[in-house]
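# Architecture at a glance
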Amino acid sequence: MAVVSTAIATLLGTLLAIGVEMRRQYGMGLEALIFAPMIIPDIVLAIALLSFFSMLNLTMGLHTIILAHVVFNLAFVCSVVRARLKSFDWSIVEASADLGASALTTFRRVTLPVIAPAVIAGALLAFTLSVDEFIIAFFTAGAGRASTTLPMQIYAMIRFGITPEINALATIVMAVSITALTLSQRLNRGIIGQ
Amino acid sequence: MSEPRTLLAIDHVSKKFGQVTAVDGISLDIRENEFFALLGPSGCGKTTLLRMLAGFETPNDGRILLDGHDIARTPPNKRPVNLMFQSYALFPHMSVRANVSYGLEMERLPAAEIRSRVDAILATTELVPFADRKPEQLSGGQKQRVALARALVKRPRLLLLDEPLGALDKKLRGAMQLELKRLQHEVGITFVIVTHDQEESLVMADRMAVLKDGKLLQCDTPHAIYEHPADRFVADFIGVMNFVPGKASSDGVVAVNGARIAGKVPAALSPGAPAVASVRPERIRLFPSGETANRTTGTVEALAYHGLDLQLHVRTPLSPKPFLVRVTADAADRRPVASGDQVELGWDAADVRIFEE
Ligand SMILES: Nc1ncnc2c1ncn2[C@@H]1O[C@H](COP(=O)(O)OP(=O)(O)O)[C@@H](O)[C@H]1O
Ligand SMILES: [Mg+2]
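Residues numbered from 1 in each chain as written. Chains lettered and ligands numbered in written order. Predicted model: local features only at pLDDT ≥ 70, side-chain atom pairs only at ≥ 80, totals over all residues. Heavy atoms only, no water.

### Re the sheet that holds strand S2 (residues 20-31) of chain B
All names here are of chain B. As a reminder, the rule being used: For two strands to be treated as a pair, DSSP must find no fewer than two bridges joining them. Helix and strand definitions follow DSSP, with helices as H or I runs of at least four residues and strands as E runs of at least two, each counted in order from the N terminus. Contacts are assigned to residue pairs with any non-hydrogen atoms lying within 4.5 Å of each other. Axis definition: a line fitted to C-alpha atoms, limited for helices to the stretch in contact. Angles are taken between N-to-C directions and run from 0 to 180 degrees.
Read from one edge to the other, the open sheet built from four strands follows the order S2-S1-S4-S5, with strand pairing classed as antiparallel. The sheet is open, and its two edges are formed by S2 and strand S5 (69-70), each paired on a single side. Two elements, strand S1 (residues 6-17) and strand S4 (residues 61-66), share five bridges in a ladder whose sense is antiparallel. Within the sheet, the bridge partner assigned to Ile10 lies in S4 and is Ile64. Helix H1 (residues 46-54) rests against S1, S2 and S4 of the sheet, and its axis sits at about 120° to S1.

### Some points on a nonpolar patch on the surface
Worth spelling out the cut-off: Any residue with relative accessible area above 30% and no salt bridge may belong to a patch, with like charges joined within 9 Å and the nonpolar Val, Leu, Ile, Met, Phe, Trp and Tyr side chains within 5 Å. Residue-level accessible areas treat just the shown protein chains as cover; the underlying method is Shrake-Rupley with a 1.4 Å probe. Salt bridge, as used here, is a side-chain nitrogen of Lys or Arg placed within 4 Å of a carboxyl oxygen of Asp or Glu.
Taken together, the side chains of Val4(A), Ile8(A), Leu11(A), Leu12(A) and Leu15(A) define a hydrophobic patch exposed on the protein surface, amounting to about 430 Å² of accessible area. Within the element layout of this structure, Val4(A) appears in helix H1 (residues 2-22).

### What about the site of ligand 1?
All names here are of chain B. Heads up, the condition is: We call a residue near a molecule or strand when any one of its heavy atoms sits within 4 Å of it. Under the rule applied, a polar contact is a pair of N or O atoms within 3.5 Å (in protein, one hydrogen donor and one hydrogen acceptor; residues adjacent in sequence only if both atoms are side-chain atoms). Note on residue classes: Ala, Val, Leu, Ile, Met, Phe, Trp, Tyr, Cys and Pro are nonpolar, Asp, Glu, Lys and Arg are charged, and everything else, Gly too, is polar.
By nearness alone, every residue bordering ligand 1 is listed as Phe17, Val20, Ala22, Ser42, Gly43, Cys44, Gly45, Lys46, Thr47 and Thr48. At a separation of 2.9 Å, an oxygen atom of ligand 1 approaches a polar backbone atom of Lys46. Within the complex, the protein chains bury 59% of what would otherwise be the 560 Å² of accessible surface of ligand 1. When residues of the shell around ligand 1 are traced back to their parent elements, those giving at least two are S2 and H1. Looking at the shell around ligand 1, the element that brings in the most residues is H1, giving three residues. Class assignment for the residues of the shell around ligand 1 results in four nonpolar, five polar and one charged.

### Details of the packing of aromatic side chains
Residue and element names in this part refer to chain B. For clarity, the cut-off: Aromatic contacts are taken between Phe, Tyr and Trp rings whose centres are within 6.5 Å, Trp giving its six-membered ring; a plane angle under 30 degrees counts as stacked, one over 60 as edge-to-face, and the others as tilted. Whether a charge sits over a ring comes down to the Lys NZ or Arg CZ being within 6 Å of the ring centre and within 35 degrees of the ring normal.
Across all of its chains, the model carries seven aromatic pairs over all chains by this definition. Between Phe323 and Trp347, the ring centres sit 5.6 Å apart and the planes meet at 35°, which makes this aromatic pair tilted. With Phe323 in strand S18 (residues 323-328) and Trp347 in strand S19 (residues 342-347), this pair connects stretches of sequence that are 24 residues apart. The ring of Phe287 has Arg335 sitting right over it, with the charged end atom 3.7 Å from the ring centre.

Listed below in C-alpha cells is the structure:
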C-alpha cells in the first residue's frame, strides 16, 4: 500500500513540481492548492476524502486508501522537488535541445538525473508518512477486513490489550520510518551542499 | 577575390515581449566563415537576436534565412546552429568527455566516430587532462573551453556565442580573445559573438553590427566603423572620441566660443543646425609644426603613461569636457609636458567627423 501510493505520488509530484516551476508566473493560487493537504489537519482531510469517495459511490478498500494517500503525499513530494528546482539552472535544458535532443531525451538524460536526489528524498519522505499514517487510512478503508494497513492492524489489536506482537510490529514501523527519514535527510543535505 | 557568400540572412526581424520591443526590424547578412560581432550596450536586444538565431525565441516578424531556407520556426534541436551559453550551461552530472559527446550521441553517430571526434576537439581545446572531471572541478576558463568544445564538436554551420568571455578576468580575457580567433580559423566555422565590450569586438571581429534599443545603427568592418561612425552614438560608443558641440556651417562647426572647426559637413545638416564635431585622441598633435586646419590652446590637467603612449587631459575653450590627447612616448620625450602646462593642439580637417546633435 505504502509502496504503491508513494510511487504514484512521486511520479505525479515530480511532474507537478516541474510544471509549477516552469510556469511560475501563474503561481499563487496553485501554490496554495498544492500546500493545502500539508496544512489541513489529517482528520479534516480524512473526512473530506471519505465524503468525496461516497459522493462518487466508490466502494471503499485498498484502492481508496491509496488514492487518499496519494493526495497528501503529492504535496510533500512536490515541495521537496520544487525546493531543488528553485536552484535548477534551466539553461542546461536549453543546451540539451540546442545539441539536438528531443524534449523526452532531455528529461531522461538531463533534467531527471540532476533532480534525482530530490525525487528520491521526496519519495522516501512520502513512504515514511504513508507507512505509519493512521487517520486517513482508517477513514477511507471502508468496512472490509481485507484492506488494513499496519497501523490499523495495530490499532485493532490494541483493543485486546498490549501483546508482544504489538510491540514487535510497532518496532518495525518505527525502524522503517526512521531509516527512510534519515536517508531522505541525507539526500536533501547532499542537495543543499552542492 | 570572389564575393563572399552569404550564410545567414536576417531579414526585417522583430521581437516583442509584451510592450517591450527587444529587436526592432533588424536586417543583416552574415557571411560564410566570418567572425561576426553583435555589439551594443546592455539591454539593446543582443541576446534576444541570438536566441532567435538559435531557435529559443520565435520572431514576431521577419525571416531568418540559413543557406536560403527560412529557419525562423525550426525548433533548436533541428537547426545546424549551436549556441554557447552565457552561463556555459554545462551538464553538472556529466564528465567533460560526456558533456562533449552528448551532441554527437544525439545525432546517433557510430561510437568510434564519436570517440575520435571528441578526442580531436578535446585536444584542440587543450582539455585532454580534464576529460574525466566534472564541471564543478573546473576553473572558469576551463568551463568556457568545455562549452566551446561541446558546441564545436557538432560542426555547426553557425556557432553563436553569448558574451563568451564575460565571466573571465581581464588578463585571461585578452588571451582567450586571441584563442577564440585562432580556433575559428582552425575549424573554419562561422562565428557570431555577442558582446557589450567595444574593445573586444574591435579586436576579434571581421565585421560587426552596432545595436541600440533593438535597432541596427551600423554594420561594417571594425576599421570602417572606427574611422567613419554612422552617428554620434556610435562615435561615442566605439573607442574614445573628443566632441565639440556647436552649430553647423558650410565648411565645419562653429563652437560655442565662436571658434571654427573645419571638417566635412554631412549633406543632411543644414547650416545653423545643432551639430557636433569630433576627433579621435590619436589624431591630435601636440605643438604641431606647420599648418593645421584646426588649432587650439589648452591647459594640461592630468597625464598618464600607458606603456608606449602618453594620455593627456587638456582643458580647452572648445568644449565643457577636457580633450583627451594621445601622443607617442617618443613625441613626449622630445618636448616634455607636465600638469598645468599651456599646450598647443592641432589636427587636420580630414580627421574631423561631424554629426547631427
Ligand atoms: N523573456 C523576456 N521577457 C520579457 N522581456 C524580455 C525577455 N528577454 C529580454 N527581454 C527584454 O528585451 C530587451 C533586450 O534584452 P536582451 O536581448 O537580453 O538584451 P542584451 O542581451 O543586449 O543585454 C530588454 O529590455 C529585456 O528586458
Ligand atoms: Mg545579454
